[in-house]
Amino acid sequence: MSRFMNPRFAALRPYVPGEQPREMRYVKLNTNESPYPPAPAVLAAVSAAEVRRLNLYPDPDCRLLREKLAARYGVGPENVLVANGSDEVLNFAFMAFCDAESGVACPDISYGFYPVLAALYGVPLREVPLAEDFSLRPEDYFGLGCPVVFANPNAPTGRAIRPAQVERILQNDPDHVVLVDEAYVDFGAESCVPLVSKYDNLLVSMTFSKSRSMAGGRLGFAIGSAGLIGDLEKIRCSTNPYNINRLTMAAALATLDSDDYYMENCRRIAQTRDRTAEQLAKRGFSTLPSLTNFLFTACPEMSGEQLYQKLRARGVLVRYWNTPRLKDYIRVTIGSPEEMETFLAAVDASREER
Ligand code: PMP
């Protein structure tokens, strides 16, 4: 840290994303991207004509995109915020709804960005332990008297709870925001969006990064009551009113026109996931039930880090966490069927080597 940095950030430990190797000699199963390319309409939308218009600012209201998202999710445009990835939704939400007095609650095992944002904004973090089987118990969140954030399905576990369970949390603390991060919802879980009309304290965030093959385009969105979205808009326009660039906006509009293509891809990925889980079970791995595009799985005789290293040496990238509860596991993104064959072959070779 230079002597010019605000000392408030001295203890800040930034989020460390999964590695993005420059050379593509790896089978990349480490950051939950989609193995499938964007729809042809997206390639056509990011056209030379659109590039020529880059001299002009994009629409700061993102009106067309918000209308399209609203139609897709059965809400009004006033219920939709768009952002530069759902990480930006989370950033705006922490800024808007969390403070130093109340703190914020999240599961002890969840998306690693929540603690970073809490530290960034000086918000005390109240970590709520997941159950022994890594499931989230709604009653642990009743009446905490502070905003709550969790991923559903959760990451890196892959487990999900039903909207009726989320509803119990919403009912038990109607005066605090409950932020449900649905980054992985399209791979088989049930969304809480239908609850938005009933609970003005519910904010649901989603992303185009996983199910809609657009991690590189950076588009996330949130759905919530007009009040919550208005608050987030205030933060957005005080931070970066042009947060969605023209090319991403064009790509996102075309993406929504091809939604059937993407939802079909999600079904394919879910099938590949279930087949991969069966293959891992045959090999004695213990794998958590997953409703996401990744599996959280433990090898019987190696730590997560050991298996990660061996897979990496064979050209396959996954993720691991060196914390007491997670150290036995790797998280493997579901790629194409061919990539999962390569992964399983690398697993077998890694184990034979011992
Ligand atoms: N939430 C969860 C649970 C995630 O795993 C991720 C991906 N790292 C995100 C949000 C953020 O994704 P993005 O910013 O690409 O939308």
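Residues numbered from 1 in each chain as written. Predicted model: local features only at pLDDT ≥ 70, side-chain atom pairs only at ≥ 80, totals over all residues. Heavy atoms only, no water.

Engineer: How should I be thinking about the site of the ligand in this particular structure?
Structural biologist: Gly85, Ser86, Asp87, Tyr111, Ala151, Asp181, Ala183, Tyr184, Thr207, Ser209, Lys210 and Arg218 make up every residue found near the ligand. Ser86 is positioned such that a nitrogen or oxygen atom in its backbone is 2.7 Å from an oxygen atom of the ligand. Here the shell around the ligand is built from residues that sort into four nonpolar, four polar and four charged. (Near = heavy atom within 4 Å. Polar contact = N/O pair within 3.5 Å; in protein donor to acceptor, adjacent residues only side chain to side chain. Nonpolar A, V, L, I, M, F, W, Y, C, P; charged D, E, K, R; others polar.)

Engineer: How should the sheet that holds strand 10 (residues 294-298) be read in this particular structure?
Structural biologist: Hydrogen bonds between backbone groups are what pair the strands of a sheet, and the pairing can be parallel or antiparallel. Read across the sheet, four strands follow the order 9-10-13-12 without closing on themselves; strand pairing throughout is antiparallel. Every other strand in the sheet has two partners, leaving strand 9 (286-287) and strand 12 (319-320) as the edge strands with one partner each. The pairing of strand 9 with strand 10 spans two bridges and is antiparallel. Looking across to strand 10, one finds that Ser286 is bridged to Ala298. Contacting strand 12 and strand 13 (329-333), helix 10 (residues 304-313) crosses the sheet at an angle of about 45 degrees to strand 13. (Pairing = 2+ DSSP bridges. Helix = DSSP H or I, 4+ residues; strand = E, 2+ residues; numbered from the N terminus. Contact = heavy atoms within 4.5 Å. Axes fitted to C-alpha atoms, helices over the stretch in contact; angles between N-to-C directions.)

Engineer: I'm lost on unusual backbone geometry in this one. Help?
Structural biologist: Phi is mostly negative for residues that are not glycine, and the peptide bonds are mostly trans. Note that the residue after Asn152, namely Pro153, is joined by a cis bond; omega there is -5 degrees. Positionally, Pro153 belongs in the loop between strand 5 (148-151) and helix 6 (163-172). The omega torsion across Ala155 and Pro156 is 0 degrees, close enough to zero to call that bond cis. With respect to the helices, strands and loops of the structure, Pro156 is situated in the loop between strand 5 and helix 6. The residue Cys62 is not glycine, and still its phi comes out positive at about 50 degrees. Relative to the helices and strands, Cys62 is located in the loop between helix 2 (48-52) and helix 3 (63-73). Judged by relative accessible area, Cys62 falls into the buried class, the value being 2%. One non-glycine residue, Ser213, adopts positive backbone phi at about 50 degrees. (Buried < 20%, exposed > 50% of the residue type's maximum accessible area, 1.4 Å probe, protein only.)

Engineer: Would you mind showing me how to read helix 3 here?
Structural biologist: Within the span of helix 3, buried status applies to Leu65, Arg66, Leu69, Ala70 and Tyr73. Along the long axis of helix 3, the arc covered by the buried residues comes to 135 degrees, so they all point the same way. Those residues of helix 3 that are exposed and angled more than 90 degrees off the buried face are Leu64 and Ala71. The secondary structure elements touched by the buried residues of helix 3 are strand 2 (80-83), strand 7 (202-207), strand 8 (220-224) and helix 8 (246-257). Just past helix 3, the residue Gly74 takes up positive phi, approximately 70 degrees. (Arc of directions from axis to C-beta.)

Purely geometric stuff here, so don't read any function into it on its own.
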